[in-house]
Amino acid sequence: MMKPPMNKGGLIPRPSLLPDADTLSPEELAALEGRLWQLLAKASRLYTQGDSSSIRLEMAQELFTSICFVLSAYLRKNGLCLRDWLHMQEDAALEEGTRLVEQKVKNSKRLYQAVCLGLPGLASSYLADTMREIGLFFTQYNPSLFAHQIPCMITYPLEQAVPENTLGIDYIAEYLRRIMIENHVICRFPLDAATRLLDIAAPGYGDLPLNLYQPILANAIALTLLERPPFPLMLTWQEGDALMASLRAVSPAGLPALLEQSAARLCHTLAIQQPGATVYLRQSAANLAAPIGLAMQLSHLNGVFYMNGG
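1. As for the packing of aromatic side chains
The relative placement of two aromatic rings is captured by the distance of their centres and the angle of their planes. Tallying each qualifying case throughout the model produces seven aromatic pairs. Ring geometry for phenylalanine 137 against phenylalanine 138: centres 5.3 Å apart, planes inclined by 85°, an arrangement best described as edge-to-face. On the accessibility criterion, phenylalanine 137 (0% relative accessible area) is buried. When the ring of tyrosine 171 is compared with that of tyrosine 175, the centres are 6.4 Å apart and the planes differ by 20°; the resulting orientation is stacked.

2. Here we look at the pattern of salt bridges
Going through the model one piece at a time under the given rule, you end up with 12 salt bridges. Between glutamate 260 and arginine 282 there is a salt bridge, with the nearest N and O atoms lying 3.4 Å from each other. On the criterion of sequence distance, the pair formed by glutamate 260 in helix H10 (residues 255-270) and arginine 282 in helix H11 (residues 275-286) is long-range, its members being 22 residues apart. Using a relative accessible area of 25% as the deciding quantity, one classes glutamate 260 as partly exposed. The exposure class of arginine 282 is partly exposed, given its relative accessible area of 32%.

3. As for the packing of helix H2 (residues 57-77) against helix H4 (residues 90-117)
One can describe the packing of H2 onto H4 by two numbers: an axis separation of 8 Å at closest approach and a directional angle of 85°. Relative to H4, the element H2 lies roughly perpendicular. When H2 is examined against H4, the residues Ile67, Phe69, Val70, Leu71, Ala73, Tyr74, Arg76 and Lys77 are found in contact with a partner set consisting of Ala93, Leu94, Glu96, Gly97, Thr98, Leu100, Val101 and Lys104. Here the contact of H2 with H4 is composed, by residue class, of 10 nonpolar, two polar and four charged.

4. Here's the deal with the side chain of glutamate 159
Looking at where glutamate 159 falls in the secondary structure, it is placed in the loop between helix H5 (125-140) and helix H6 (168-186). The side chain of glutamate 159 sits in the buried core without any salt bridge; arginine 178 is the nearest counter-charge, 7.7 Å away. Within the local environment of glutamate 159, its side chain forms a polar contact with the side chain of serine 284, the two groups lying 2.8 Å apart. When sequence neighbours within four positions are dropped, the list of residues in contact with glutamate 159 reads Glu182, Asn211, Tyr213, Gln214, Tyr280, Ser284 and Asn287.

5. What about the side chain of aspartate 170?
The residue aspartate 170 is located in helix H6 in this model. Among the polar contacts listed, one links the side chain of aspartate 170 to the side chain of arginine 76, at a separation of 3.3 Å. Residues contacting aspartate 170, with those up to four places away along its chain left out, are Phe69, Arg76 and Lys104.

6. A look at the packing of helix H8 (residues 213-225) against H11
Two elements in contact, H8 and H11, have axes separated by 10 Å at closest approach and are oriented at 80°. As judged from the angle between their axes, H8 and H11 are roughly perpendicular. Where H8 abuts H11, its residues Tyr213, Leu217 and Ile221 lie against Tyr280, Leu281, Ser284 and Ala285. Looking at the contact of H8 with H11 residue by residue, the classes come out as six nonpolar, one polar and no charged.

7. Quick word on the state of the cysteines
This structure, assessed with the given rule, holds zero disulfides. The closest cysteine sulfur to the non-disulfide-bonded cysteine 68 is located on cysteine 81, 15 Å from its own sulfur. Residue cysteine 68 is classed as buried on the basis of its relative accessible area of 1%. Cysteine 152 takes part in no disulfide bond, and the closest cysteine sulfur to it belongs to cysteine 116, at a distance of 12 Å.

8. Things to note about H2
Helix length check: H2 (21 residues) gives 30 Å between terminal C-alpha atoms against 30 Å at 1.5 Å per residue, within 8%. Judged by how many residues are buried, H2 sits mostly within the fold: 16 of 21 residues are covered. A positive phi of about 65° marks glycine 79, the residue just after H2.

Reading the values: the criteria
- Residues numbered from 1 in each chain as written.
- Predicted model: local features only at pLDDT ≥ 70, side-chain atom pairs only at ≥ 80, totals over all residues.
- Heavy atoms only, no water.
- Phe/Tyr/Trp six-rings, centres within 6.5 Å; stacked < 30°, edge-to-face > 60°.
- Buried < 20%, exposed > 50% of the residue type's maximum accessible area, 1.4 Å probe, protein only.
- Salt bridge = Lys/Arg side-chain N within 4 Å of Asp/Glu carboxyl O.
- Helix = DSSP H or I, 4+ residues; strand = E, 2+ residues; numbered from the N terminus.
- Axes fitted to C-alpha atoms, helices over the stretch in contact; angles between N-to-C directions.
- Parallel < 35°, antiparallel > 145°, perpendicular 65-115°, else oblique.
- Contact = heavy atoms within 4.5 Å.
- Nonpolar A, V, L, I, M, F, W, Y, C, P; charged D, E, K, R; others polar.
- Lys, Arg positive; Asp, Glu negative; His and termini not counted.
- Polar contact = N/O pair within 3.5 Å; in protein donor to acceptor, adjacent residues only side chain to side chain.
- Disulfide = S-S within 2.5 Å.
- Expected span 1.5 Å × (residues − 1).

Take a look at the structure:
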């Protein structure tokens, strides 16, 4: 965390954007303050078209956070720290950081287009609304002044949420990466099987803020644990009983590893080889350990896995 002098004028830097500030000496901190305030003065003039004296504190905080975001992007990309920046031309780093952010926007646009082309054929108003909002993000995002902001409303939940301290284009890029993995998995299964499962897991799911991937992944893991083909997705009640008996033989400490092993086999079955995707599926499977443990205490797996038929 920055030392008190950095809060000059009420502006507070986010520790996640300047993580190594607390390693600086008092003299280096003073130099850092001076540089950041000079950059803020320039950003204020740009925002107000020359009349920086009229800027509100809240807006100054937004501009200040954007500067820190862009500077952090530059330092991370080049493997540098704040101390290194103190011996460089301040404007050059910010200009290069802005170019890096702009390149991330271009890359994310391409990723967004790929996600839109690969959407599953399942009804979800929340997914459709979120994709539309992300499209608007690219028309409203301002990397020059407000690079840390996320000017869109994302309401579709991921199975593994993007960390809350992720800002700006970094958040959008990571959200798109994760949702592309989830949708890729969904599309590996027959549409009618996925629809039947979701109808049982969450009736009316199309109008609910429901992650479509999680119930599908859960039942696919269950069938893999039973050494059954995962593609039908739905478990019978007899298979549910067999799964319960199988899981009772596993210690709580060994359950996450067993689930991850099952996810690895499922990746092989689904021909999913991209490292980021396999890691994501393994983590999704491990995340089932806690609800399975609770369900075992209640002697039923309903709500964790979904069953129907004989």
